[in-house]
Structure formats: structure tokens, C-alpha cells
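# Descriptive analysis of the structure
The residues making up each chain are set out below.
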Amino acid sequence: MSIFPRNHFAMINGLNHYNLRAPRPLLETLRDFYRDVIGLEVGQRPPFRQHGYWLWAGGAPILHLSEADPGEERSAHAVNTFDHAAFSCADRAGIERRLKQLGVAYETARVPQTGQVQLFLTDPAGNGVELNFANGDA
């Protein structure tokens, strides 16, 4: 039983995007990683006050990178439970070749019963990344 009341008004139908905030040098490194290693495309982004990037896949901006303000700190009392972001992928063999060529370490796992294959790696900021392949591409 949940301690939270059931939410009967929310009509969530999917994940829109996630955002990573970092100082500019790390932001540029993250942009390069998600573009060159993961394969997202840097695309159109509105002219926000802060520098940043929107990285696109499947016609949508799914990863936002935004520059942290100078001296910006996260709450010392926040508990970080983030483990990884997962991307649906195709061409497992091609992606594994690219990861090996770039020297990016990863681990492989298979999802029981579904046959999906997952590649787990870490971005330059230490965030977990999962590349998920349907059983036909596994």
C-alpha cells in the first residue's frame, strides 16, 4: 500500500526528456560523449538565458544539457537515487564496434524472458547509461 494518494488526474504518456546541468567545460565533454559515443544529434534549442544543448533522437529533443551558474551547488541534503538513463537502440554490433574503437568500457546483460540485450556504460560525469536492444537485434 502506498503512502501517497492515487493520482487520478495525471495523464502521463511518456518521458519527454531529462536534463543534465554542469559547468561549461564538462557540458562540452558531455555534448561530445552523447553525440559521438551514444549517437544523439545536437539539434535546435530555444535561445534560453543559459548556454546549453538539446540532443535529439527519433525527431525529439530527449536530452537537455544546460550550463550551471557559477558557484551553483546542489542541496547537500538531497539523496541521489539516479542510476541510469536508458535509450532504445538498433545495430548492436555497430554500436559495440564504436564503443570498442573509442575505448569506452561497458558491460552486457540479457533481460530474462524478453531476450533484450542491455549495454551499460558511464558518461564523463559519472551518470549511468543503458543502451537497450530488442531481442531481434540482440
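The present account deals with the structure reproduced in this document. (Residues numbered from 1 in each chain as written. Predicted model: local features only at pLDDT ≥ 70, side-chain atom pairs only at ≥ 80, totals over all residues. Heavy atoms only, no water.)

### Quick word on the pairing of strand β1 (residues 18-22)
- Because side chains alternate across β1, one face comprises the buried residues Tyr-18, Leu-20 and Ala-22, and the other comprises Asn-19 and Arg-21, none of which is buried.
- In this sheet, strand β4 (residues 60-67) lies alongside β1 in parallel orientation, the contact comprising 5 bridges. Within β4, the position partnered with Leu-20 by the bridge is Leu-65. (Buried < 20%, exposed > 50% of the residue type's maximum accessible area, 1.4 Å probe, protein only. Helix = DSSP H or I, 4+ residues; strand = E, 2+ residues; numbered from the N terminus. Pairing = 2+ DSSP bridges.)

### As for the side chain of Glu-130
- Along the chain, Glu-130 turns up in strand β8 (residues 128-133).
- A distance of 3.2 Å separates the side chain of Glu-130 from the side chain of Gln-118, its partner in a polar contact.
- Not counting chain neighbours up to four residues away, the residues in contact with Glu-130 comprise His-84, Ala-85, Ala-86, Phe-87, Gln-118, Leu-119 and Phe-120. (Polar contact = N/O pair within 3.5 Å; in protein donor to acceptor, adjacent residues only side chain to side chain. Contact = heavy atoms within 4.5 Å.)

### Let's talk about the pattern of salt bridges
- With the rule as written, the count across this model stands at 8 salt bridges.
- Here Asp-32 ties to Arg-31 by a salt bridge, and the two come within 2.8 Å at their closest N and O atoms.
- With its nearest N and O atoms 2.7 Å apart, the salt bridge here joins Asp-36 to Arg-35.
- Take Arg-35: its relative accessible area is 34%, and that puts it in the partly exposed class.
- What you see here is one network of salt bridges that share partners, running through Glu-28, Arg-31, Asp-32, Arg-35 and Asp-36. (Salt bridge = Lys/Arg side-chain N within 4 Å of Asp/Glu carboxyl O.)

Take it as geometry only, folks, not as evidence of what the structure does.
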